[in-house]
Amino acid sequence: NMVLLHVLFEHASGYALFAVKEVEEIGMLLPQVEECVLSLSKFNSMVSLAAFFPFKSAQGALENMNAISEGLVHADLKLFLDTNVPRPGKKKPVVGVSDAKIGAALQEEFGMSIQTGGVVVEILRGIRLHFHALVKGLTAVAASKAQLGLGHSYSRAKVKFNVNRADNMII
Amino acid sequence: GSRGGRGGFGGGRKVLVEPHRHEGVFICRGKEDALVTKNMVVGESVYGEKRMSVEEGETKIEYRAWNPFRSKLAAAILGGVDQIHIKPGAKVMYLGAASGTTVSHVSDIVGPEGLVYAVEFSHRSGRDLLNVAKKRTNIIPIIEDARHPHKYRMLVGMVDVIFADVAQPDQTRIVALNAHNFLKNGGHFVISIKANCIDSTAAPEAVFAAEVKKMSSENMKPQEQLTLEPYERDHAVVVGIYRPPPKQKK
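Residues numbered from 1 in each chain as written. Chains lettered and ligands numbered in written order. Predicted model: local features only at pLDDT ≥ 70, side-chain atom pairs only at ≥ 80, totals over all residues. Heavy atoms only, no water.

Caption draft 1: Examining the overall build of chain B more closely. The helix and strand inventory of chain B stands at six helices and 12 strands. Taking 18 Å as the expected radius of gyration for a compact globule of 250 residues, we find that chain B reaches 18 Å, a close match to that expectation. In chain B, buried positions account for 56% of the 250 residues. Carbon and sulfur atoms make up 48% of the accessible area of chain B, which amounts to about 11100 Å² in all. Here chain B holds 35 positive side-chain charges and 28 negative ones, and the gap between their average locations is 2 Å. (Helix = DSSP H or I, 4+ residues; strand = E, 2+ residues; numbered from the N terminus. Rg over C-alpha atoms; globule rule 2.2 N^0.38 Å. Buried < 20%, exposed > 50% of the residue type's maximum accessible area, 1.4 Å probe, protein only. Areas by Shrake-Rupley, 256 points an atom, 1.4 Å probe, with all protein chains shown as cover. Lys, Arg positive; Asp, Glu negative; His and termini not counted. Charge placed at Lys NZ, Arg CZ, Asp CG, Glu CD.)

Caption draft 2: Geometry of the packing of aromatic side chains. Residue and element names in this part refer to chain A. With the rule as written, the count across this model stands at 11 aromatic pairs over all chains. Here tyrosine 15 and phenylalanine 55 contribute two aromatic rings whose centre-to-centre distance is 5.1 Å and whose plane-to-plane angle is 80°, an arrangement assigned as edge-to-face. In this pair, tyrosine 15 is assigned in strand β2 (residues 14-20) and phenylalanine 55 in the loop between β3 (47-54) and α3 (58-69), connecting sequence segments 40 residues apart. The same class applies to tyrosine 15 and to phenylalanine 55, which are both buried. (Phe/Tyr/Trp six-rings, centres within 6.5 Å; stacked < 30°, edge-to-face > 60°.)

Caption draft 3: Local environment of the sheet that holds strand β1 (residues 16-19) of chain B. Residue and element names in this part refer to chain B. Sheet architecture is open: five strands sit in the order β1-β2-β3-β5-β4, paired in antiparallel fashion. A strand with exactly one partner marks an edge of an open sheet, and here the two such strands are β1 and β4 (51-56). Between one strand and the next, the sheet's axes are offset by a mean angle of 40°, whatever the strand orientation. In the sheet, β1 pairs with strand β2 (residues 25-29) via four bridges, with the strands oriented antiparallel. Pairing of valine 17 across the sheet is with cysteine 28, part of β2. (Pairing = 2+ DSSP bridges. Axes fitted to C-alpha atoms, helices over the stretch in contact; angles between N-to-C directions.)

Caption draft 4: Up close: the interface of chain A and chain B. Between chain A and chain B, the contact holds 37 residues from the first and 44 residues from the second. In total, about 3600 Å² of surface goes out of reach between chain A and chain B, with carbon and sulfur atoms giving 56% of it. At the boundary of chain A with chain B, the tally comes to four salt bridges. One can count 15 residue pairs in polar contact (both at pLDDT 80 or more) joining chain A with chain B. Of the residues forming the side of chain A that touches chain B, the biggest block, 11 residues, is contributed by helix α7 (residues 140-160) of chain A. Its residues assigned to classes, the side of chain A that touches chain B shows 16 nonpolar, 11 polar and 10 charged. (Contact = heavy atoms within 4.5 Å. Buried area = accessible area lost by both parts, 1.4 Å probe. Salt bridge = Lys/Arg side-chain N within 4 Å of Asp/Glu carboxyl O. Polar contact = N/O pair within 3.5 Å; in protein donor to acceptor, adjacent residues only side chain to side chain. Nonpolar A, V, L, I, M, F, W, Y, C, P; charged D, E, K, R; others polar.)

Caption draft 5: Representation of the environment of B:Val17 in the model. Within the fold, B:Val17 resides in strand β1. With 35 residues separating them in the primary sequence, B:Val17 and B:Met52 have C-alpha atoms 9.6 Å apart.

Caption draft 6: Representation of the sheet that holds strand β12 (residues 235-242) of chain B in the model. Residues and elements named next belong to chain B. Read across the sheet, seven strands follow the order β8-β7-β6-β9-β10-β12-β11 without closing on themselves; strand pairing throughout is mixed. If you trace the sheet from one side to the other, it starts and ends with β8 (139-143) and β11 (220-227), each paired once. Averaged over all neighbouring strand pairs, the angle between strand axes comes to 15°, with direction disregarded. Pairing analysis gives five bridges linking strand β9 (residues 159-164) to strand β10 (residues 183-194), with the strands arranged parallel. The residue of β10 that forms the bridge with alanine 164 is isoleucine 191. Here helix α4 (residues 171-182) sits on the sheet in contact with β6 (91-95), β9, β10, β11 and β12, set at roughly 165° to β10.

Caption draft 7: Examining the nonpolar core more closely. Counting residues in hydrophobic clusters, the biggest one holds 58 residues, and the most contacted among them are A:Phe80, A:Leu81, B:Met93, B:Leu95 and B:Tyr152. At five residues, the largest contribution of residues to this core is made by α4(B). In this structure B:Met93 touches B:Tyr117, B:Val119, B:Tyr152, B:Val156, B:Val159, B:Val161, B:Ile162, B:Phe163, B:Asn178 and B:Phe182, once residues within four positions along its chain are discounted. Grouped together as the second largest cluster of nonpolar side chains are 36 residues, B:Val25, B:Ala76, B:Ile109 and B:Leu130 included. (Core = buried A, V, L, I, M, F, W, Y, C linked by side-chain atoms within 4.5 Å.)

Caption draft 8: Representation of the packing of α7(A) against helix α3 (residues 123-135) of chain B. Contact pair α7(A) / α3(B): the axes reach a minimum separation of 10 Å and the direction vectors enclose 145°. As for how α7(A) packs across α3(B), the hand of that crossing is left-handed. Across from A:His152, A:Ser155, A:Arg156, A:Lys158 and A:Val159 in α7(A), the residues of α3(B) making contact are B:His123, B:Gly126, B:Arg127, B:Leu130, B:Ala133 and B:Lys134. Tallied by class, the residues present in the contact of α7(A) with α3(B) amount to three nonpolar, four polar and four charged. (Left-handed = near helix turned anticlockwise from the far one by under 90°.)

Caption draft 9: How the structure looks around helix α2 (residues 101-110) of chain B. Residue and element names in this part refer to chain B. The buried fraction of α2 amounts to 10 of the 10 residues, a majority that puts the element mostly inside the structure. Among the residues making up α2, those that are buried are Thr101, Thr102, Val103, Ser104, His105, Val106, Ser107, Asp108, Ile109 and Val110. In the stretch just after α2, glycine 111 is the one whose phi turns positive, near 70°.

Caption draft 10: Structural detail: the confidence of the model for chain B. Residues and elements named next belong to chain B. With 93% of its residues at a pLDDT of at least 70, chain B reaches an overall mean of 92. In the predicted structure, residues 1-8 sits below a pLDDT of 50 and forms 14 contacts with residues beyond four places in sequence or in another chain. As scored by the predictor, the complex reaches a pTM of 0.93 and an ipTM of 0.91. (pLDDT = per-residue confidence, 0-100.)

Caption draft 11: Geometry of helix α4 (residues 75-84) of chain A. Residues and elements named next belong to chain A. If you check which residues of α4 are buried, you get Leu77, Phe80 and Leu81. Across the axial projection of α4, the buried residues extend over an arc of 90°, all falling on one side. The exposed residues of α4 that point more than 90 degrees off its buried face are Ala75, Leu79 and Thr83. In the core, the buried residues of α4 are packed alongside β1 (3-11), β2, β3, α3 and α5 (100-110). (Arc of directions from axis to C-beta.)

Right, dumping it as structure tokens:
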């Protein structure tokens, strides 16, 4: 009875779901991931793209980022996971996410088995390192351009909607 | 950036610019030597700093003065820090970006091939930071709380260096949280520590030692520590490596 772990990665360019090599127990993954995380070809043999949902507009990206930053499940994310996470069958689907709050929301919404921390953190570090190479048609430049555009729109909105204009903590 | 014409270094005398030991940083030899960076946005100052241009063959290159009394990174460089790890092409996360004055020099250093993820929580400073980032497309502005890296995880890739100047009592924890998410294995951190922001009753040396100990427990290995005298009082900069590679067995 194998465990099929999928990992959700949220990026300025869109949502991505990665399938991790099947193992008997999730605990067996950590040393394997640690060993291969730095090499793209080795990492790719363990973690591969299952689905990608590109944001269709700057507005769409901003709405999704606002939801993600608050730990909320946007309709786009719901549809994406509904469509792409395999249904329970012989294999038990488990979804790894980076934020426990969104994990709890997904567990409630879909009744999925959610995993955070531990090996999921290491897998996400690997995905973040190799992301542009794992998604077909994406380049390092395009990935950072998406971050740049969304960074500006997210931050501009933050500053604009600070109604009382009082300063937050200085950090 | 309202200043026009040539910079005022040496009263119109010719200036000579030499590369500094740290790649991407330069020294301007004039009446008085000055630390400078190569201006990404020619013709504009960010915070009223002086500019000077040098003709190299056909092309004119402009540099901006970098004041060590206004920037801890500049103070560390003039204090003789061995490594800053911020260099052309580097991807840098800058925690505590404030109005973007030092960030603009980091943007000059990393150049068009590099990136600066500039995190600042204060909305007042954030407005200035956004204006600096508008003209410098290698700065990704992030107005968000550095204590909650998951809030801005969509905006950030893996980085080579984290620079932190957050002046918070739990700043080592803040840097560690960001490192666990965004700093490459073997990447570096450069942290400015203001002793009385962490504990105003203890001796500065004791505060620095306690912070260094906290770093070690987060897989952050300090490699160098220096004080920022005479530019700042009771400040130290700690430079180190995150998740150092295991030593090769012979």
